[in-house]
Amino acid sequence: MLRYLRLYPWFVTQNLQGKVEYKLDFWLGVFGSLMMQASGVAFIWVVFTRIPDLNGWSFYQVAFIYGLAALPKGLTEFFFDGVWYLTHMVRLGELDRLLVRPLDPLYHLLANNIETHGLGHLVVGGLVMAEASRQLGLSWDAARLAYLGLAMLCGALIYLSINLCTACQVFWTTEGRGMTMMLPYSFSEFAKFPITIYPRLLQAIITWALPFAFTSFFPAAHILGQEGWRAFAYLLPLVTTAFLAIAYSLWRWGLNSYQGVGT
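The structure reproduced in this document is the subject of the present report. Nothing here was measured: the structure is a model prediction, and the numbers come from that model.

**As for helix α7 (residues 118-136)**
Three or four residues apart is the spacing at which side chains of an α-helix point the same way, because the helix has 3.6 residues per turn. For α7, built from 19 residues, the straight-helix expectation of 27 Å at 1.5 Å per residue is met to within 8% by its first-to-last C-alpha distance of 27 Å. Residues of α7 that are buried include every one of G118, G120, H121, V124, G125, V128, M129, A132 and S133, and no others. The elements touched by buried residues of α7 are α2 (23-48), α3 (59-79) and α8 (142-167). Once α7 ends, the next one or two residues include G137, with phi positive near 70°.

**Observations regarding empty space enclosed by the protein**
On inspection of all chains with the given rule, the structure shows one cavity of 30 Å³ or more. For the largest cavity, the calculated volume is near 40 Å³. Lining the largest cavity are K73, T76, E77, Y159, N163, P184, Y185 and S188. Counting only elements with at least two residues in the lining of the largest cavity, the list comes to α3, α8 and α10 (177-187). Split by residue class, the lining of the largest cavity holds three nonpolar, three polar and two charged.

**Things to note about the nonpolar core**
Core analysis: the largest hydrophobic core is formed by 45 residues, its most contacted members being W57, F64, I195 and F217. Secondary-structure elements contributing two or more residues to this core are α2, α3, α7, α8, α11 (200-209), α12 (217-223) and α14 (236-257). In terms of residue count, α3 provides more of this core than any other element does, eight residues in total. Setting aside residues up to four positions removed in sequence, W57 forms contacts with F48, V62, I65, P194, T196, F217, A221, L224, Q226 and W229. Residues L95, L160, A167 and Y258 belong to the second largest nonpolar core, which totals 23 residues.

**Section: the layout of surface pockets**
Taken as a whole, the largest pocket holds about 680 Å³ of empty space. If you go around the largest pocket, you meet 21 residues; those closest to its centre are F80, Y107, L110, L157 and L160. At the level of elements, α1 (2-21), α3, α6 (105-111), α8 and α14 are the ones that each hand at least two residues to the lining of the largest pocket. With six residues, the single largest contributor to the lining of the largest pocket is α8. For the lining of the largest pocket, the class distribution of residues is 19 nonpolar, one polar and one charged.

**Concerning the packing of α3 against α7**
Running from N to C, α3 and α7 point in directions that differ by 155°, and their axes come no closer than 7 Å. It follows that α3 is roughly antiparallel to α7 by the angle criterion. Regarding α3 and α7, the two cross each other, and that crossing is left-handed. Touching Y60, Q61, A63, F64, G67, L68, A70, L71, G74, L75, E77 and F78 of α3 are G118, L119, H121, L122, G125, G126, V128, M129, A132, S133, Q135 and L136, all from α7. Classifying every residue of the contact of α3 with α7 gives 14 nonpolar, nine polar and one charged.

**A short note on a nonpolar patch on the surface**
Taken together, M1, L2 and L5 make up a surface patch of nonpolar side chains, about 390 Å² in accessible area. When its relative accessible area of 54% is taken as the criterion, L5 is described as exposed.

**Some points on the packing of α2 against α3**
Between two packed helices, both the angle of their axes relative to each other and the distance between the axes serve to describe the pair. At a minimum axis distance of 10 Å, the contact between α2 and α3 shows a crossing angle of 160°. As far as their axial angle goes, α3 and α2 are roughly antiparallel. As for the relative orientation of α2 and α3, their crossing is right-handed in sense. Residues M36, Q37, G40, V41, I44, W45 and F48 of α2 form the contact with α3, whose own contacting residues are F59, V62, Y66 and A70. Looking at side-chain class alone, the contact of α2 with α3 contains nine nonpolar, two polar and no charged residues.

**Details of α2**
Its 26 residues give α2 an end-to-end C-alpha distance of 38 Å, which sits within 8% of 38 Å, the value for a rise of 1.5 Å per residue. Within α2 the residues assigned to the buried category are F26, V30, S33, Q37, G40, I44 and F48.

Calculation criteria
- Residues numbered from 1 in each chain as written.
- Predicted model: local features only at pLDDT ≥ 70, side-chain atom pairs only at ≥ 80, totals over all residues.
- Heavy atoms only, no water.
- Helix = DSSP H or I, 4+ residues; strand = E, 2+ residues; numbered from the N terminus.
- Expected span 1.5 Å × (residues − 1).
- Buried < 20%, exposed > 50% of the residue type's maximum accessible area, 1.4 Å probe, protein only.
- Contact = heavy atoms within 4.5 Å.
- 1 Å grid on protein atoms, 1.4 Å probe; cavity = no way out; pocket = protein on both sides within 12 Å on 5 of 7 lines; lining within 4 Å.
- Points joined across faces, edges and corners; volume = space filled by probe spheres on them.
- Nonpolar A, V, L, I, M, F, W, Y, C, P; charged D, E, K, R; others polar.
- Core = buried A, V, L, I, M, F, W, Y, C linked by side-chain atoms within 4.5 Å.
- Axes fitted to C-alpha atoms, helices over the stretch in contact; angles between N-to-C directions.
- Parallel < 35°, antiparallel > 145°, perpendicular 65-115°, else oblique.
- Left-handed = near helix turned anticlockwise from the far one by under 90°.
- Patch = residues over 30% accessible without salt bridge, like charges linked within 9 Å, V, L, I, M, F, W, Y side chains within 5 Å.
- Areas by Shrake-Rupley, 256 points an atom, 1.4 Å probe, with all protein chains shown as cover.
- Salt bridge = Lys/Arg side-chain N within 4 Å of Asp/Glu carboxyl O.

From the geometry alone we can't say anything about function, so treat these as descriptive.
Okay, here's the thing in structure tokens:
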């Protein structure tokens with residue numbers, strides 16, 4: 001474990017140097033993610049110009065949830081975006097070269113692919129949360145700050161788990177990018193708003209099947225002091241651990257089934 005921790009900063013540094021080398025691509029990626037998040041905030045503002053609240057949630061409460069949703073997503077895209085390359089590596093046989101290296105191939109897959117556009121999500125998410133907190137008069141004591149850090153870490157790991165689970169189908173189908181994109185980037189959009197506005201079936205899906213509600217809504221409701229959601233907020237580490245275990249087990253199963261591409 002210590003070996004992995006010592007090597008990781010080197011991998012990140014090498015990746016960042018490679019990304020920054022192409023300055024236009026680097027800044028376009030960051031700018032694009034900034035605009036994506038900013039357009040989402042603008043959409044919420046337009047909605048609230050027409051209605052006083054969203055099923056009992058005020059504009060700044062919804063903005064707080066939206067901002068918190070962007071933080072783990074940004075961490076995932078920055079640190080764990082390598083999962084997106086699994087389909088490409090399996091289909092072209094490039095995964096084989098990771099299997100002969102003296103480190104866990106999943107570690108190589110993640111550490112070798114840093115995506116800087118995640119920085120845009122982190123910046124906008126942080127700014128939106130800060131302004132919403134100020135407008136709501138939220139006091140950031142040590143307990144809230146500690147839970148926010150936990151929520152960001154667990155949320156990023158939940159995203160990683162779901163991405164990895166959907167990507168692993170490539171071991172059996174040699175396809176998978178479409179489904180990998182559909183699940184995280186369609187269902188994760190529901191995590192940006194209070195889940196109470198959705199039908200009960202959808203609430204159940206994004207709570208237990210694809211637990212995106214644990215990446216934003218439940219932690220945000222807890223930090224905001226909303227009653228009725230504390231138990232879900234405390235389940236966050238347990239849900240994260242469970243989905244990580246499922247994802248890693250599926251990864252090991254797929255890796256043991258992998259026979260190369262025959263070239």
